[in-house]
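# Secondary and tertiary structure notes
Chain residues, written in single-letter form:
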Amino acid sequence: VQLQAYGGGLVQAGGSLRLSCAASGRSFSTYAMGWFRQAPGKEREFVAGISWSGGVTNYADSGKGRFTISRDNAKNTVYLQVNSLKSEDTAVYYCAAALSGAFIVPDKTEKYNYWGQGTLVTVSS
């Protein structure tokens, strides 16, 4: 599976973005998908994930109520809607794919098998 993340950019605090991750290759619908982010000087951290069926989602506390993950298996794409952005949301955002059970959404980087190249989100205050 090859992943291409896009949709990042420069946005003012309080603004919104929709990040997208397009997958190529077979069996996209059998992978759980996750979004992670990495700020300068910090470790990569889990942001949100969704099961391969789309029926289960998981969010880090930092994004609950502000971020929404969704997927369209017909389009081989996963989305991350990010609202009410804060300066601390500035990071490179990565999408990733994990082989997992139907109702499992991993939140650890080592559980993910494939990674996209990242898209930069910069929030200005």
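Read on for an overview of the structure. (Residues numbered from 1 in each chain as written. Predicted model: local features only at pLDDT ≥ 70, side-chain atom pairs only at ≥ 80, totals over all residues. Heavy atoms only, no water.)

To continue, consider unusual backbone geometry. Here Asn76, not a glycine, exhibits a phi torsion of approximately 55 degrees, which is positive. When you line up the elements, Asn76 lands in the loop between strand E7 (67-72) and strand E8 (77-82). A positive phi angle is found at Ser84, which is not glycine, with a value near 50 degrees. Classification of Ser84 by relative accessible area gives partly exposed; the value is 41%. (Helix = DSSP H or I, 4+ residues; strand = E, 2+ residues; numbered from the N terminus. Buried < 20%, exposed > 50% of the residue type's maximum accessible area, 1.4 Å probe, protein only.)

Turning our attention to the pattern of salt bridges. Inspection of the entire model under this criterion finds 5 salt bridges. Taking the shortest distance from any N to any O, the salt bridge between Asp89 and Arg37 comes out at 2.8 Å. A residue pair is termed long-range when its members are at least 10 positions apart, and Asp89 in the loop between E8 and strand E9 (91-99) and Arg37 in strand E4 (residues 31-38) qualify at 52 residues. According to the relative accessible area criterion, Asp89 is buried, its value standing at 1%. On the accessibility criterion, Arg37 (6% relative accessible area) is buried. In this structure, the salt-bridge partner of Asp107 is Lys108, at a minimum N-O distance of 3.2 Å. For Lys108, a relative accessible area of 43% puts it in the partly exposed group. (Salt bridge = Lys/Arg side-chain N within 4 Å of Asp/Glu carboxyl O.)

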